[in-house]
Amino acid sequence: MKNVVVLGSTGSIGKAALDVISRHPGKLSVYGIAGSRHKNLLIKQVMKYRPRFVVFSGENTGKNRIEKTECLYGEESLEFLATLPETDIVVMAISGLAGLRCTLKSLEQGKTVALATKEIVVCAGHLLSGKKGKILPVDSEHNAIFQILDRENSGVSDITLTASGGPFLNYKGDLGKVSAKQVLSHPVWKMGKRISVDSATMMNKGLELIEAFYLFGVSKENINVVLHPQAVVHGFVRFCDGFVKAVLSIPDMRYSINYCLNYPERTDCGMSELDISRIKDLSFYSVKSGMFPCFDLAKEALKKGGSYLTALNAADDEAVRMFLEGSISFDRIPVLVEKVLGKHREVCVDTPDDILALDCQIREQVRATADLFFR
Ligand code: MG
């Protein structure tokens, strides 16, 4: 039996992970869960999955148990839970950088981390290597590439991630006038708010490009992105003899989560199979520069590397937040990110503290820059 700890269990990836675990009784068990924003849902998950531990965010409220589940509180409890000897695999699905220290600690302790949090790889990719534990990428594109390279990693020429293109791929209207609701209705994937906005601007794919660089050790020039609206092919690896391998599945995050939780075995999780005879159309288009300004900004930041990556992530996250709260229009997200990155000068990001401090500074700069230019 593998004991799984799901950090960020109330988000879309966390919920999918719990669903996958429940499909493998006797093989996988929910050992611990943690969530912050949706406390009621977290309590419901405790009642349903009966983990050994639950971690609530914030201060100890004095509640020590919910039935047989022990209640813990705060960030340190995340690390405690993730590094317990009984914990076999940690699903890191806490959005943002709140799980950064915990991820590093888990890897140092030799834990397997099914990593879904992009921000951690983008900002701290240089701190993840050389640790005892193994990272299994949950994101569908990186999971696809991982599945190929894990079995065959010599003679690789390049890798390609696919991008659905989001809701505005062929949009002819004014992007300055689109509403948050339009932006949040992704044609293929059902996801959290920031990643939905990032998919619409293609910043999401830019961040994935950066992640791929750190996860697979392929040089920056050999990581490509193609638009593929059906989101059935998730990634390609091209080999030096001209062959290309691809990984396909129905677009549902539970497939890659199931792969990670059962790794290195392959296990049926009882989900529907991709019916190849019914795939009518698989189309691929190149991404031209200028098509998605956010994607171009991410590529530029990857070239510069270092603290530009933390700056990019923080600037985008804050700009997205401002769009969602109605303070800036959708088309100003890249403008704001570009202005802030343009002023950034390389700083040291050798520790989690450095990264978190820079993250805060950049967010303040985003707000100040928006005040200066857009009000
Ligand atoms: Mg993805």
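Just so you know, these numbers come straight off a predicted model, no measurement behind them.

Conventions we followed
- Residues numbered from 1 in each chain as written.
- Predicted model: local features only at pLDDT ≥ 70, side-chain atom pairs only at ≥ 80, totals over all residues.
- Heavy atoms only, no water.
- Domains from an automatic or database assignment.
- Contact = heavy atoms within 4.5 Å.
- Buried area = accessible area lost by both parts, 1.4 Å probe.
- Salt bridge = Lys/Arg side-chain N within 4 Å of Asp/Glu carboxyl O.
- Polar contact = N/O pair within 3.5 Å; in protein donor to acceptor, adjacent residues only side chain to side chain.
- Helix = DSSP H or I, 4+ residues; strand = E, 2+ residues; numbered from the N terminus.
- Nonpolar A, V, L, I, M, F, W, Y, C, P; charged D, E, K, R; others polar.
- Core = buried A, V, L, I, M, F, W, Y, C linked by side-chain atoms within 4.5 Å.
- Buried < 20%, exposed > 50% of the residue type's maximum accessible area, 1.4 Å probe, protein only.
- Donors = N, O, S within 2.8 Å, 3.2 Å for Na, K, Ca; no water.
- Axes fitted to C-alpha atoms, helices over the stretch in contact; angles between N-to-C directions.
- Parallel < 35°, antiparallel > 145°, perpendicular 65-115°, else oblique.
- Left-handed = near helix turned anticlockwise from the far one by under 90°.
- Phe/Tyr/Trp six-rings, centres within 6.5 Å; stacked < 30°, edge-to-face > 60°.
- Lys NZ or Arg CZ within 6 Å of the ring centre and 35° of its normal.
- Pairing = 2+ DSSP bridges.
- Right-handed = clockwise from strand over helix to strand, strands pointing away.

Draft legend 1. Highlighting the domain arrangement of the chain. Partitioning the chain into domains gives domain 1 (2-137), domain 2 (139-297) and domain 3 (306-375). Between domain 1 and domain 2, the C-alpha centre-to-centre distance is 25 Å. Contacts between the two partners involve 27 residues from domain 1, matched on the other side by 32 residues from domain 2. The contact between domain 1 and domain 2 buries some 2400 Å² in all, and 67% of this surface belongs to carbon and sulfur atoms. Inspection of the region where domain 1 meets domain 2 yields five salt bridges. For Arg194, the salt bridge is made with Glu119, and the minimal N-O distance between the two is 3.2 Å. For the interface between domain 1 and domain 2, the tally reads 14 residue pairs in polar contact (both at pLDDT 80 or more). Those elements that place two or more of their residues in the side of domain 1 that touches domain 2 are β1 (2-7), α1 (12-22), β6 (89-92), β7 (112-115), α5 (118-128) and β8 (135-137). Grouping the amino acids of the side of domain 1 that touches domain 2 by side-chain chemistry returns 16 nonpolar, four polar and seven charged.

Draft legend 2. Molecular detail of the nonpolar core. Core analysis: the largest hydrophobic core is formed by 122 residues, its most contacted members being Leu7, Ile257, Leu261, Leu312, Phe330, Ile333 and Val337. By residue number, the principal contributor to this core is helix α12 (residues 307-324), which donates ten residues.

Draft legend 3. Summary view of the coordination of the magnesium ion. The coordination sphere of the magnesium ion, as far as protein atoms go, consists of Asp139 (OD), Glu141 (OE) and Glu208 (OE), spread over 2.2 to 2.3 Å. The sequence motif formed by the donor residues of the magnesium ion is D-x1-E-x66-E. For Asp139, a relative accessible area of 10% translates into the label buried.

Draft legend 4. How the structure looks around the side chain of Asn258. Turning to its location among the elements, Asn258 is positioned in helix α10 (residues 253-262). Among the polar contacts listed, one links the side chain of Asn258 to the side chain of Asn262, at a separation of 2.9 Å. In this structure Asn258 touches Val20, His24, Thr267 and Cys269, once residues within four positions along its chain are discounted.

Draft legend 5. How the structure looks around the packing of α12 against helix α14 (residues 352-374). Contact pair α12 / α14: the axes reach a minimum separation of 8 Å and the direction vectors enclose 45°. For the element pair α12 / α14, the angle class is oblique. For α12 against α14, the interelement crossing comes out right-handed. Across the interface between the two elements, Ser307, Thr310, Ala311, Asn313, Ala314, Ala315, Asp317, Glu318, Ala319, Arg321 and Met322 of α12 pack against Ile355, Leu358, Asp359, Ile362, Arg363, Val366, Arg367 and Ala370 of α14. Taken together, the residues of the contact of α12 with α14 break down into ten nonpolar, three polar and six charged.

Draft legend 6. Representation of the pattern of salt bridges in the model. Taken as a whole and judged by the stated rule, the model has 28 salt bridges. Among the salt bridges present, the one from Glu265 reaches Lys27, with a minimum N-O distance of 3.0 Å. On the criterion of sequence distance, the pair formed by Glu265 in the loop between α10 and β13 (285-286) and Lys27 in the loop between α1 and β2 (28-35) is long-range, its members being 238 residues apart. The shortest N-O distance in the salt bridge between Glu318 and Arg367 comes to 2.7 Å. Taken together, the positions of Glu318 in helix α12 and Arg367 in helix α14 put the pair 49 residues apart, joining distant regions of the chain. Through salt bridges that share partners, Glu119, Arg194, Asp198, Asp316, Asp317, Glu318, Arg321, Glu325, Asp359, Arg363 and Arg367 make up one connected network.

Draft legend 7. How the structure looks around the packing of aromatic side chains. Within the structure shown, the criterion is met by eleven aromatic pairs. Here the guanidinium or amino end of Lys39 rests over the ring plane of Phe56, the centre of that ring lying 5.7 Å away. Here the guanidinium or amino end of Lys339 rests over the ring plane of Phe373, the centre of that ring lying 4.0 Å away.

Draft legend 8. Fine view of unusual backbone geometry. Residue Pro264 follows Tyr263 across a cis peptide bond; omega there is 5°. With respect to the secondary-structure elements, Pro264 resides in the loop between α10 and β13. Even without a glycine there, the phi angle at Met202 is positive, about 70°. Residue placement: Met202 occurs in the loop between α8 (193-201) and α9 (203-216). Even without being glycine, Ala231 reaches a positive phi, approximately 55°. For Ala231, the location among the structural elements is in the loop between β10 (223-227) and β11 (233-239).

Draft legend 9. Region of the structure containing the pairing of β6. Covered by surrounding structure in β6 are Ile89 and Val91 together with Val90 and Met92, the residues of both alternating faces. Bridge count for β1 against β6 is four bridges, and the pairing is parallel. Each bridged residue has a counterpart across the sheet, and for Val5 the counterpart in β6 is Val90. Following the chain from β6 across helix α4 (residues 100-108) to the adjacent parallel β7, one finds a crossover that is right-handed.

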